[in-house]
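A closer look at the structure
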Amino acid sequence: MHTDTFAIERRRRTRILRGRLEDLSAGAICSVLSIAYSLSYATLIFSGPLSQWLGYGMVVTLLSASVGTFVIGLRSSLPFTIAGPDSSTSVVMAALVTAFVQRLVAEGATEDLLQRAIIVMALSTALTGTLLLALGATRAGRAIRFVPYPVIAGFLGATGWLIVVAGAQLATGQSVTDNTLGALFDLLIGAKFLAGAALAIALFLAQRYLPSSFALPGTLLAGVAVVHIGLLSSGTTLVEAQADGWLFSPQTHVGLTSPWHSDELRRFPWEVLPSLFGNLVSVMFVTTITMLLNTSAIELATQREADLDRELKWHGIANLLIAALGGYVSITSMSRTTVNYLAGATGRLSAMAVAAIAAAATVVNPSFLGYVPKSVLGGLLLYLGADLLYRWLVESARRLAFLEYLSLLSIAFIIVEWGFVAGLLIGVVIGCATFALSASRIPAIKFSFDGSEYHSSLDRGPEELAILADHGRELQGMSLQGYLFFGSASRLHEHIKSLLAARPECRFLLFDLRLVTGIDSSATHSFRQIKQSADRHGARLVLVNMTLEIQRIFRNAGLISADVAVASDLDHALELCEDAIIKADQPSGSETESLNDWLVHVVGSEHAAHLAQECERLEVASGAIIAVEGEPADSMHFIFQGRVSIVVDGGNGRKVRLRSLGRHTTIGEMGLITCQPRSATIEAEVPSVLYVLKAHAFERIRRTNPALCQALLTYVIRVMAERLSFANRSIGALLR
């Protein structure tokens, strides 16, 4: 026993050790990728007037990656998460920093340019961290997904294009505009661009056809080697390659400084910030959306579920800490996390390894940048940007309707031409307009019916059913759905005008609002127009299943008045309208019809008197129990006057009414014929008069008067057929 326990413990320790070694190995692989990404993002942000401080940019990017990976990797709900600056967030951060620096340069305020740029980056990171922390603390993780898809896709698609442009600019050393496209035909510039494009294609092929965790970092290292081999074979020296723009210029070491010194904050041009408001909002918006989208993509790739609120909370804390150290936004990276997972990482040790290696890289002399080919980092940006373009602008075409896809392209075009500020504002407007247009196309009417095909649960006699069949179109009903606003309500008004013109006999216009989630003021105006049209045609409005909020809105709009019927449920509303139609169209004298006259319609004149003799008269008061559920079905009842209900036990002493039966209807006939226990309780709704045909009397009829028995069975079949026909018509009305 002791030996077995020792063996089990040894296997457990071996398994733990193997898992830790796999985590460390995966972390080492991801660290290569993380450093490569950090270098490309540093060149993206620290360009133009800030390019002389690229060494500092590299260090601050690695610091952001290290802190982000450590905090998020330590507390994420997905233990193998790798975080750091991302392509989407870096391009909007670059747009913010570029706009800020250009403003200072235009005003001649080039003093302390780096320090002021760092303050802007740290400030935007702090604001983003605060937003993420607030969203996580208020458990609003899923609420952000209510942002329209075309707005998100347009933003990220435009971001992809900007990354592609930045990659081409980095690889060639030329700004990419309409006026400079011809420079690509220059031999040297064209060669640099082709080198970057070749690496981007190699990264794409490696990612697609080499399902290995070494594919991306291996391709990048191979790209560096190929460029150096090409330079050596052409006889180009290191200094010449740097001068020609194939390699970065060597950078001097610049120590990190805190952006929060009181003197620096006092000299900072705070008056410039209002003009950067849109860029700051873009950083916060794109960071939040990208973080959630990356997390969702990781969930799909790894078949693991993340806690979005927890992710938001710790992303917020991580970015606040990064801001305190002078870094910029870091979020969960989809590519690095996926590589880490494929490399076999299952625990948090891999993230700790990446964080440690990135932290160690911050103290490395940045002069090594002089050996890094620009085409490699440019090609990496080309690959990342093209991937975003394909996922959000090309693949979206297959998933979206034409109008939504057109709005997506419009938003992307606006961002590329006029920036993220205009794209954010106009994108939201386009999204709302597209939604309103799409929502207005959803019919407000779920289904419609008239009184000849859709009845209340009250069973009526043949005479009343015949009246409803002939005059039921005097009731026109509609079940409404969704949120009623100016678009859907206006179409409803047009439908009602056409309906009243086609059905001039309409006396009741019934609206069932059970499926209506809300209504706005413009919709109440349409309902006032509907009421005016109904009044002109002599039709009365019937409003059913209104919530308290809709009742309040209708009452304030003057739509609930003495000439408008209001019912709590559809069944009672239908019954109210049916009673009015029957009363108006019923022949005179039918109310005083005798039992014998009624039974003539049931079994024929030659059998009516005999059947009446076999029945026993029963008078019951309102609420009286006529038959009890579960008892033997030893009789059927002919309802001569009044009304009875079929009820079942709903539990907790609650009764549920299934149907009502009025005068000149029967109940219990199937139980009498099949001899099965009663399936429900029969209860009088009002004082009623019934005639009871008991089992022994029915047996006597069957033995002594087969013709009457046959006539009675024929009547039962006819009743069942009528009820089935009614059910079929009702189902047909619901399915229209």
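Residues numbered from 1 in each chain as written. Predicted model: local features only at pLDDT ≥ 70, side-chain atom pairs only at ≥ 80, totals over all residues. Heavy atoms only, no water.

**Thoughts on the environment of Lys 374**
Structurally, Lys 374 can be placed in helix α14 (residues 374–394). On a C-alpha basis, the gap between Lys 374 and Ala 195 in space is 9.6 Å, while along the polypeptide they are 179 residues apart. Dropping the residues within four chain positions of it, Lys 374 is found in contact with Leu 170, Ala 171, Gly 245, Trp 246, Leu 247 and Phe 248. (Helix = DSSP H or I, 4+ residues; strand = E, 2+ residues; numbered from the N terminus. Contact = heavy atoms within 4.5 Å.)

**Notes on the pairing of strand β7 (residues 540–544)**
Counting buried positions along β7 yields four of five residues, so the element is predominantly enclosed. The pairing of strand β6 (residues 508–519) with β7 spans five bridges and is parallel. Along β7, the bridge assignment pairs Phe 511 with Leu 543. For the crossover that starts at β6, traverses helix α20 (residues 521–536) and ends in the parallel β7, the hand is right-handed. Across three bridges, the pairing between β7 and strand β8 (residues 565–567) is parallel. (Buried < 20%, exposed > 50% of the residue type's maximum accessible area, 1.4 Å probe, protein only. Pairing = 2+ DSSP bridges. Right-handed = clockwise from strand over helix to strand, strands pointing away.)

**Details of helix α7 (residues 215–233)**
Between its first and last C-alpha, α7 extends 26 Å over 19 residues, near the 27 Å set by a 1.5 Å rise per residue. Where α7 terminates, the next one or two residues include Gly 235, which has phi positive at roughly 80°. (Expected span 1.5 Å × (residues − 1).)

**Focus on the nonpolar core**
In this structure, Ile 45, Phe 46, Met 93, Val 97, Phe 100, Met 121 and Leu 220 are the most contacted members of the largest nonpolar core, which totals 100 residues. The residues touching Ile 45, leaving out its near neighbours within four places in the chain, are Leu 50, Ser 90, Met 93, Ala 94, Val 97, Met 121 and Tyr 328. Ile 496, Leu 499, Ala 539 and Ile 550 belong to the second largest nonpolar core, which has 30 residues in total. (Core = buried A, V, L, I, M, F, W, Y, C linked by side-chain atoms within 4.5 Å.)

**Quick word on the side chain of Glu 311**
Relative to the elements of secondary structure, Glu 311 occurs in helix α11 (residues 308–324). Comment: no salt bridge for buried Glu 311; closest opposite-charge side chain is Arg 310, at 5.7 Å. Among the polar contacts listed, one links the side chain of Glu 311 to the side chain of Ser 77, at a separation of 2.6 Å. (Lys, Arg positive; Asp, Glu negative; His and termini not counted. Salt bridge = Lys/Arg side-chain N within 4 Å of Asp/Glu carboxyl O. Polar contact = N/O pair within 3.5 Å; in protein donor to acceptor, adjacent residues only side chain to side chain.)

**Let's talk about the pattern of salt bridges**
For the structure on display, the rule yields 20 salt bridges. The residue Glu 494 makes a salt bridge to Lys 497 at a minimum N-O spacing of 3.5 Å. Of the two residues, Glu 494 and Lys 497 both sit in helix α19 (residues 486–502), three residues apart, roughly one turn of that helix. Overall, Glu 494 belongs to the partly exposed group, its relative accessible area being 42%. Two residues, Arg 552 and Glu 549, come together in a salt bridge whose shortest N-O distance is 2.4 Å. Placement of the pair is Arg 552 and Glu 549 together in helix α21 (residues 548–556), with a separation of three residues, close to one helical turn. Assessed through its relative accessible area of 41%, Arg 552 is described here as partly exposed. The exposure class assigned to Glu 549 is partly exposed, which follows from its relative accessible area of 41%. Several salt bridges share partner residues, and in doing so they unite Asp 112, Glu 264 and Arg 267 into one network.

**A look at the packing of helix α5 (residues 149–172) against helix α6 (residues 187–209)**
For the pair α5 and α6, interaxial distance at closest approach is 8 Å and the crossing angle is 130°. Judged by the inter-axis angle, α5 sits oblique to α6. Seen along the crossing, α5 lies across α6 with a hand that is right-handed. Facing Ala 168, Ala 171 and Thr 172 of α5, the residues of α6 in contact are Ile 189, Lys 192 and Phe 193. Class assignment of the residues belonging to the contact of α5 with α6 gives a composition of four nonpolar, one polar and one charged. (Axes fitted to C-alpha atoms, helices over the stretch in contact; angles between N-to-C directions. Parallel < 35°, antiparallel > 145°, perpendicular 65-115°, else oblique. Left-handed = near helix turned anticlockwise from the far one by under 90°. Nonpolar A, V, L, I, M, F, W, Y, C, P; charged D, E, K, R; others polar.)

Keep in mind these numbers describe shape, not what the thing actually does.
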